[in-house]
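Coordinates in review
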There are 2 protein chains.
Amino acid sequence: MDGASASEVSRDMEAAPRDGRRTILDAAARILRHNGYKATTLRDIAAAVGIKAGSIYYHFASKDAIVAAVMNDGVERVQEGVSRALSGLPATAGPAERLEAAIAAHLHALLEYSDYTSAGLKAFTDAPEAVRTAARPVRKRYEAVWDGIVADLVAARLVPDDVPAETLALAILGMMNWSPEWYRADRHAIDRLARDFAAIVLRRPAG
Amino acid sequence: MDGASASEVSRDMEAAPRDGRRTILDAAARILRHNGYKATTLRDIAAAVGIKAGSIYYHFASKDAIVAAVMNDGVERVQEGVSRALSGLPATAGPAERLEAAIAAHLHALLEYSDYTSAGLKAFTDAPEAVRTAARPVRKRYEAVWDGIVADLVAARLVPDDVPAETLALAILGMMNWSPEWYRADRHAIDRLARDFAAIVLRRPAG
DNA sequence: CCTACCGATCGGTAGG
DNA sequence: CCTACCGATCGGTAGG
């Protein structure tokens, strides 16, 4: 009732008064991306942030809570990137252009922008079932974006009509999500890869 | 000089005089496939085989030696499966049929036959650099098989000619190697998937 | 192939 | 957010 305490004030005046949670998640994403679920320790994360391991629990309830948060943020970042790319397209853009733009956005998020995105991919398989379960709804929502893109392609007859739409979507996601295994920034241009992946899938309309 | 010892004889007469190394590798492959590198412990492997953890070192020098052996066996099994499928094709088979047969063989090895193959994929990313380095030559040799398949497709103009052969090969490997993430034996038919993946990549000749 | 064990490390907690 | 610590577990080794 007598105003802010000294510690609250000094916290406000720190050079980088960033959210402690976000700082921890940033470090966790970076380490998870490179080491995977099991090899990422709370001590690694704490050291990267400049605090002690036990202090992590001041911000998060468990390691798995951190991993789940990173994974969900990761998927949401790709999804935002893809949505932004799609809505930035001119109204005249057809399904083929939308496909290429979506692939480019996904690859940029996965290979460049976001530790969160690649951490999510890498840690997902190792993570305990509880973490995977927590992450599944967000993933499903993102996959629905691709189902929509592919459905438009099918309707416009821009893809082989004897391949089920579901298989098509999974094939596209496979090409993209496998790319961290071989992508080298000094040897590949992401926009070129996006164009190539789109070209592999697309057919010119038979009209 | 005085003949086989009792223990040698009794070993010969055991019900399953299998190579101890192979038994351990089989168990390791199965556990690695499900748990990945870090979460697979020597104690798990030993328990699955019915021996004690320390006894593993009677057969292998280290955990990493086991993992490296599983990974290399895995790649070699896919490669053998693909080679067998290709050489089983009639001489009249063209590059398109060879592609579909190779995809089918790869998917069968990855999704059905071999714990080794999927263990190799799953453990490769987590494994320490030393293990990855040891596994790389075998992988390169297998990728060369795909480079050959794709080169034949390019020469026969059965694939989009504005996509580099290297990208095409990586896209195909991506579709296939991502499939363990979504494949469900009760919902997908492997040969159908192989046909669909081939159809995505193939163009009818413009002749 | 076993017993017995080491040193290191981990996620997490108590009590400030 | 820290110190100090726990119980569990891990890869690996000594010496049979």
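Just so you know, these numbers come straight off a predicted model, no measurement behind them.

Counting secondary structure elements, chain A contains nine helices and zero strands. Seen in sequence order, chain A has helices and strands lined up from the N terminus as α-α-α-α-α-α-α-α-α. Expressed as lengths along the three principal axes of its C-alpha atoms, the size of chain A is roughly 75 × 35 × 35 Å. In chain A, which comprises 207 residues, the proportion classed as buried is 47%. Per element, the accessible surface of chain A, about 10,400 Å² overall, is 52% carbon and sulfur.

Around DNA strand D, 13 residues are found, and the nearest of them are Ser55(A), Tyr58(A), His59(A), Arg43(B) and Tyr57(B). Expressed as a percentage, the sugar and phosphate content of the atoms of DNA strand D within 4 Å of the protein is 58%. Between DNA strand D and His59(A) there is a distance of 2.8 Å, counted from a phosphate oxygen to a side-chain nitrogen or oxygen. With respect to DNA strand D, the backbone of Thr40(B) contributes an N or O atom lying 3.4 Å from a phosphate oxygen.

Our next topic: a negative patch on the surface. Residue and element names in this part refer to chain B. The grouping of Glu 97, Glu 100, Glu 112 and Asp 191 at the surface amounts to a negative patch. It is helix α5 (residues 95–113) that provides the largest number of residues to the negative patch, a total of three residues. Tracing the backbone shows Glu 97 in helix α5.

In the numbering used here, UniProt assigns the feature "DNA-binding region" (unreviewed entry) to residues 41–60 of chain A. Counted over residues 41–60 of chain A, helix gives 40% and strand 0%. Its end C-alpha atoms are 14 Å apart.

Here we come to the interface of chain A and chain B. Every contact between the two is made by 34 residues of chain A and, on the other side, 34 residues of chain B. Taken together, the two surfaces of chain A and chain B that pack against each other cover about 2,800 Å², and 65% of this comes from carbon and sulfur. The largest share of the area that chain A buries against chain B comes from Leu170(A), Trp178(A) and Ile200(A), three residues that together contribute 21% of it. A salt bridge links Glu166(B) to Arg187(A), with the shortest nitrogen-to-oxygen separation between them at 3.9 Å. Of all elements in the fold, only α2 (20–39), α6 (115–126), α8 (165–177) and α9 (190–201) of chain A reach the threshold of two or more residues within the side of chain A that touches chain B. Here the side of chain A that touches chain B gets nine residues from one element, more than from any other, and that element is α8(A). Of the residues belonging to the side of chain A that touches chain B, the class tally is 19 nonpolar, five polar and ten charged.

Parameters and conventions
- Residues numbered from 1 in each chain as written.
- Chains lettered and ligands numbered in written order.
- Predicted model: local features only at pLDDT ≥ 70, side-chain atom pairs only at ≥ 80, totals over all residues.
- Heavy atoms only, no water.
- Helix = DSSP H or I, 4+ residues; strand = E, 2+ residues; numbered from the N terminus.
- Buried < 20%, exposed > 50% of the residue type's maximum accessible area, 1.4 Å probe, protein only.
- Areas by Shrake-Rupley, 256 points an atom, 1.4 Å probe, with all protein chains shown as cover.
- Near = heavy atom within 4 Å.
- Polar contact = N/O pair within 3.5 Å; in protein donor to acceptor, adjacent residues only side chain to side chain.
- Patch = residues over 30% accessible without salt bridge, like charges linked within 9 Å, V, L, I, M, F, W, Y side chains within 5 Å.
- Salt bridge = Lys/Arg side-chain N within 4 Å of Asp/Glu carboxyl O.
- Lys, Arg positive; Asp, Glu negative; His and termini not counted.
- Charge placed at Lys NZ, Arg CZ, Asp CG, Glu CD.
- UniProt positions renumbered as here; feature names shortened; annotations may be inferred.
- Contact = heavy atoms within 4.5 Å.
- Buried area = accessible area lost by both parts, 1.4 Å probe.
- Nonpolar A, V, L, I, M, F, W, Y, C, P; charged D, E, K, R; others polar.

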